[in-house]
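Listed below are the residues making up each chain.
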Amino acid sequence: MLSHGLSLVAYHLSFVAAVLVAAVLLSGCKATTMIGTYRGGGAVAAEQGALFYGQDVLAMPGEPVELIARLRKPKSFRGIADVVVAFDAGAQRLGTAVTDRDGFARLAYTAPSRPGDTIVTLTPIQTPARMSDDVGDVLQIRYDMLVAVRPPGERFIVVDLDHTIVDGRAYQVVTGEPPAMADASDVLWRLSERDGYSLIYLTQRPDALTRKSKHWLTAHRFPPGVLVTVRTKEAMGDTAEVKTRRLRELMTRWEGIVIGVGDREGDCLAYLANDMQAYVIPDLRQGDDAEKRRRIAAAMLRRLPDTPNVQAVRNWKQIEQGITQGKRFPAQQLAAELDP
């Protein structure tokens, strides 16, 4: 129960607390290694002594939106102020903005008039005369954020990250590069390109992990999609409540958010609360504790509402069969198979 519980607890604590808890308690990983990784910025994919990222945007054609970049210190997570950030779309400079005391730089922008994806490159281009000694050369950092323009009737699939497309525990996310779930990338590419679904990667990771999460998605060849992280306080909150609220905000404008995929009970409850089809892919990794994992997964599945809107699957191929062929995977059936 310890390792399973920690994987849940880690994302309900602040990121720093998660690192410290995992460093002390998780087996198979030395505390000094984890803390050293965190202090060096590797845990959050910091570069040049700073953490720099932007918030992906989901917009309708021609809609006025705000582009937001953030520049922070990776050790304290405090904002770095008075840095000029350029926002570029290819060779076109959209404008510049100066970071405030919290590290935010904001630029008003009108989305393109046609549906499609625009990559906006964020670049610090000017620093104040005096910079703190613990801040490196931020002028060497770049970050590509996505502006996804979609028509009002677009269909979306919402996808969780950890234990859903990321095949790894909390400490693996913190200290390294966990592998992808088998077939997840290929299935999502087919659902996106062949079947016309747009993707929203909705995770309860804190926004300090935005850059690391985006890099992982790119490195493991996942299709483009809007990445949505949460504030630190939300990362410590109840999964069902946090994701229910985020989805409701999105669905006030996007009625086509119809399918959600996740590994936890909270994911499923959030999808059901928003009248979505929920696919649950429980943690069934092999190993010394595989039998315990099956019992835990079965107990979780038995707690889920017995409704056709809940499908419990073993792998991503079954998710594809459910979405494209209408195949059914009742949660109670999988629970019985896992723990008779």
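Everything numeric here is computed off the predicted structure, so don't read it as measured data.

Engineer: Which residues make up the overall build of the protein, and what are the values?
Structural biologist: Within the protein, the secondary structure is distributed over 12 helices and 14 strands. Put simply, the protein has 340 residues, and 54% of those count as buried. Residue pairs at least 24 apart in sequence account for 69% of intrachain contacts in the protein once pairs closer than 6 positions are excluded. Total accessible area computed for the protein in this model is approximately 15,200 Å², and 50% of it derives from carbon and sulfur atoms.

Engineer: Describe helix H9 (residues 265-273), and please don't skip the residues or the numbers.
Structural biologist: Every α-helix carries 3.6 residues per turn, so stepping three or four residues along brings you back to the same face. Of all the residues in H9, the buried ones are Gly266, Asp267, Cys268, Ala270, Tyr271 and Leu272. For H9, the secondary structure elements touched by its buried residues are strand E9 (156-159), helix H8 (239-251), strand E12 (257-262), strand E13 (277-280) and strand E14 (310-312). Just beyond H9, the residue with positive phi is Asp275, at close to 60°.

Engineer: Describe in detail the side chain of Thr99, supporting the description with residues and values.
Structural biologist: Along the chain, Thr99 falls in the loop between strand E5 (92-98) and strand E6 (104-110). A distance of 2.8 Å separates a polar atom in the side chain of Thr99 from the backbone oxygen of Ile80.

Engineer: Give me the lowdown on the packing of H8 against H9, citing residues and values where you can.
Structural biologist: Between H8 and H9, the least distance of the axes is 8 Å, while the angle of their chain directions is 35°. In this structure, H8 crosses over H9, and the sense of that crossing is right-handed. Facing H8, whose interface residues are Thr239, Ala240, Lys243, Thr244, Leu247 and Arg248, H9 presents Gly266, Asp267, Leu269, Ala270, Tyr271 and Ala273. When its residues are assigned to classes, the contact of H8 with H9 shows six nonpolar, three polar and three charged.

Engineer: Tell me about the pairing of E12, and please be specific about residues and values.
Structural biologist: The element E12 is extensively covered by neighbouring structure, given that five of its six residues are classed as buried. The pairing of E12 with E13 spans four bridges and is classified as parallel. Looking at E13, one finds that Ile259 is bridged to Gln277. Since E12 and E13 lie parallel, the crossover through H9 that links them has a hand, and here it is right-handed.

Engineer: Run through the packing of aromatic side chains, naming residues and quoting values.
Structural biologist: Taken as a whole and judged by the stated rule, the model has two aromatic pairs. Here Phe156 and Trp254 contribute two aromatic rings whose centre-to-centre distance is 5.4 Å and whose plane-to-plane angle is 75°, an arrangement assigned as edge-to-face. Of the two residues, Phe156 is situated in strand E9 and Trp254 in the loop between H8 and E12; the sequence distance between them amounts to 98 residues. Note that Arg106 overlies the ring of Phe104, its terminal NZ or CZ placed 4.8 Å from the centroid.

Engineer: Account for the pairing of strand E3 (residues 64-72), with residues named and values stated.
Structural biologist: In terms of burial, E3 is largely enclosed, as seven of its nine residues are buried. Where strand E1 (residues 51-54) meets E3, four bridges bridge the pair, whose relative direction is antiparallel. When the bridges of E3 are listed, Gly54 appears paired with Ala69. In the sheet, E3 pairs with E6 via seven bridges, with the strands oriented antiparallel. Bridge pairing links Ile68 to Arg106 in E6.

Conventions adopted
Along each chain, the written sequence defines residue order, and numbers are assigned to residues from 1. Reporting in this predicted model follows two pLDDT cut-offs: at least 70 for local features of residues, and 80 or more for side-chain atom pairs to be given and counted; totals over whole chains, interfaces and linings ignore these cut-offs and use all residues. For the side-chain quantities, the full set of heavy atoms in the structure was used; hydrogens and water were omitted. Numbering of helices and strands runs from the N terminus, with a helix taken as a DSSP run of H or I at least four residues long and a strand as a DSSP run of E at least two residues long. Using a 1.4 Å probe on the protein chains alone, a residue whose accessible area is under 20% of its type maximum counts as buried, one over 50% counts as exposed, and one in between counts as partly exposed. Here, two residues are considered to be in contact whenever any of their heavy atoms come within 4.5 Å of each other. Per-residue accessibility takes into account occlusion by the displayed protein chains alone, with areas from the Shrake-Rupley method and a 1.4 Å probe. Polar contact criterion, stated in full: a pair of N or O atoms within 3.5 Å, where within protein one must be able to donate a hydrogen and the other to accept it, and residues adjacent in sequence count only if both atoms are side-chain atoms. Under this scheme, a helix contributes an axis fitted over its contacting stretch, all axes are lines through C-alpha atoms, and angles between N-to-C directions fall in the 0 to 180 degree range. It is the rotation of the near helix from the far one that decides the hand of a crossing: anticlockwise by less than a right angle makes it left-handed, clockwise makes it right-handed. Put simply, Ala, Val, Leu, Ile, Met, Phe, Trp, Tyr, Cys and Pro go in the nonpolar bin, Asp, Glu, Lys and Arg in the charged bin, and everything else, Gly too, in the polar bin. Criterion used throughout: strands pair if DSSP finds at least two bridges between them. Seen with its strands pointing away from the viewer, a crossover is right-handed when the path leading from the first strand over the helix to the second is clockwise. In this scheme Phe, Tyr and Trp rings, the latter by its six-membered ring, pair at centre separations within 6.5 Å, and the angle between planes marks the pair as stacked below 30 degrees, edge-to-face above 60, and tilted otherwise. Sitting over a ring, as applied to charges here, requires NZ of Lys or CZ of Arg to be within 6 Å of the ring centre and within 35 degrees of the ring normal.

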